[in-house]
Amino acid sequence: MTFDILGRVPASRFSTIGHWQRPGRRIGIFVNELEAEGKVVARATTLLSRETHSPAFDAPHGKPLPGEIPTSHLFSRTPFGRRIETRRLFGQPHQPGDGALWAKVNIRIVEDEPLSALSRTAILADTEIGVIPVGPVEAVTDPDIGGNFARMPRGEWIMIEGSTTMTGNGHGLARSTLADEAGIFAYGFQTLFVSSKN
């Protein structure tokens with residue numbers, strides 16, 4: 001699954017348009033576009049594959065569970081962020097290095113419809129650059145967000161463990177491991193545009 005952000009998304013009414021780019025019995029590609037004020041501002045492309053029986057290999061995350069960690073307030077500076085409960089595992093803001101946390105989204109996008117674990121993961125995918133410390137920079141933007149799923153996530157809590165590569169030329173790459181309490185289910189990636197404070 002890949003999200004491409006094509007422009008500023010205005011705070012106004014928007015619509016979504018979806019279509020099969022490649023229908024198939026074993027593998028298919030579905031494209032969903034977000035349209036606002038008469039133009040497409042974001043696009044999600046999902047490659048879907050048929051589930052079948054195959055050998056299973058455990059993928060434990062090896063981290064403490066969210067019930068074993070005190071609450072942190074990583075995203076509390078914004079109204080939306082205050083609806084995301086977090087439990088930081090390691091890493092500190094504005095200090096280069098790796099970072100990890102558990103997060104639970106306490107919001108409903110559609111009235112009277114509870115969020116699925118996949119929807120929670122999609123919302124949290126864009127918080128990856130907030131999880132991973134990137135040092136003293138003026139701004140970090142992510143024009144694309146991607147993920148490769150081995151299975152569907154389960155439960156309310158999602159763990160994001162990530163690392164960042166900064167190349168000193170205004171570009172960077174963020175990589176993440178996504179897990180639920182049962183183990184790892186996906187890996188994420190983002191392209192970063194970086195403005196330094198120096």
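Residues numbered from 1 in each chain as written. Predicted model: local features only at pLDDT ≥ 70, side-chain atom pairs only at ≥ 80, totals over all residues. Heavy atoms only, no water.

**A few points about the overall build of the protein**
- For the protein, the helix and strand inventory stands at two helices and ten strands.
- For the protein, the sequential pattern of α-helices and β-strands runs β-β-β-β-β-β-α-α-β-β-β-β.
- Across the 198 residues of the protein, 37% fall into the buried class.
- Taking the contacts inside the protein whose residues are at least 6 apart along the sequence as the reference set, 55% of them involve residues at least 24 apart.
- With an accessible surface of roughly 12,200 Å², the protein has 53% of that area assigned to carbon and sulfur atoms. (Helix = DSSP H or I, 4+ residues; strand = E, 2+ residues; numbered from the N terminus. Buried < 20%, exposed > 50% of the residue type's maximum accessible area, 1.4 Å probe, protein only. Contact = heavy atoms within 4.5 Å. Areas by Shrake-Rupley, 256 points an atom, 1.4 Å probe, with all protein chains shown as cover.)

**Structural notes on the nonpolar core**
- Formed by 15 residues in total, the largest nonpolar core has its most connected members in Ile84, Ala103, Val105, Leu115, Leu124, Leu178 and Phe185.
- Going through the elements one at a time, β6 (99–105), α1 (117–125), β8 (158–166) and β10 (183–196) are the ones with two or more residues in this core.
- Broken down by element, the residue count for this core peaks at three residues, all from β6.
- One finds Ile69, Trp157, Met159 and Ala179 within the second-largest nonpolar core, a separate group that totals six residues. (Core = buried A, V, L, I, M, F, W, Y, C linked by side-chain atoms within 4.5 Å.)

**Re the environment of Gly183**
- Examined against the element boundaries, Gly183 turns out to sit in strand β10.
- A sequence separation of 121 residues divides Gly183 from Gly62, and the C-alpha atoms of the two residues are 8.2 Å apart.
- The residues touching Gly183, leaving out its near neighbours within four places in the chain, are Ala59, Pro60, His61 and Arg151.

**Section: the side chain of Asp180**
- Relative to the assigned elements, Asp180 resides in strand β9 (residues 171–180).
- In this structure, Asp180 is in contact with His61, Trp102, Arg151, Pro153, Arg154, Trp157 and Phe185, ignoring residues within four places of it in sequence.

**Some remarks on unusual backbone geometry**
- A positive phi angle, close to 50 degrees, is found at Glu37, a residue other than glycine.
- As for its placement among the helices and strands, Glu37 is situated in the loop between β3 (27–36) and β4 (39–49).

**Considerations on the side chain of Arg88**
- Mapping Arg88 onto the fold places it in strand β5 (residues 84–90).
- Here Arg88 sits buried without a salt bridge, and the closest side chain of opposite charge, Asp98, lies 11 Å off (N-O distance).
- A polar contact is formed between the side chain of Arg88 and the backbone oxygen of Phe90, at a distance of 3.4 Å.
- At a separation of 2.7 Å, a polar atom in the side chain of Arg88 contacts the main-chain carbonyl oxygen of Gly91. (Lys, Arg positive; Asp, Glu negative; His and termini not counted. Salt bridge = Lys/Arg side-chain N within 4 Å of Asp/Glu carboxyl O. Polar contact = N/O pair within 3.5 Å; in protein donor to acceptor, adjacent residues only side chain to side chain.)

**Observations regarding the pattern of salt bridges**
- Applying the stated rule across the entire model yields seven salt bridges.
- Lys104 is paired through a salt bridge with Glu156; the nearest N and O atoms lie 3.8 Å apart. Taken together, the residues span a long stretch of sequence, with Lys104 in strand β6 and Glu156 in the loop between β7 (137–149) and β8 at a distance of 52 residues.
- Connected through shared salt-bridge partners, Glu85, Arg87, Lys104, Arg120 and Glu156 make up one network.

**A look at the confidence of the model for the protein**
- Looking at the protein, the pLDDT average stands at 84 and 88% of residues meet or exceed 70.
- Averaged pLDDT values over the elements of the protein bottom out at 58 in helix α2 (residues 128–131) and peak at 93 in β3. (pLDDT = per-residue confidence, 0-100.)

**Re the packing of aromatic side chains**
- Taken as a whole and assessed by the stated rule, the structure comprises two aromatic pairs.
- Measuring from centroid to centroid gives 5.1 Å for Trp20 and Phe30, while their planes differ by 80 degrees, and the two rings are edge-to-face. Here Phe30 lies in strand β3 and Trp20 lies in strand β2 (residues 14–22), a separation of ten residues in the sequence.
- The exposure class assigned to Trp20 is partly exposed, which follows from its relative accessible area of 46%.
- Judged by its relative accessible area of 24%, Phe30 is partly exposed. (Phe/Tyr/Trp six-rings, centres within 6.5 Å; stacked < 30°, edge-to-face > 60°.)

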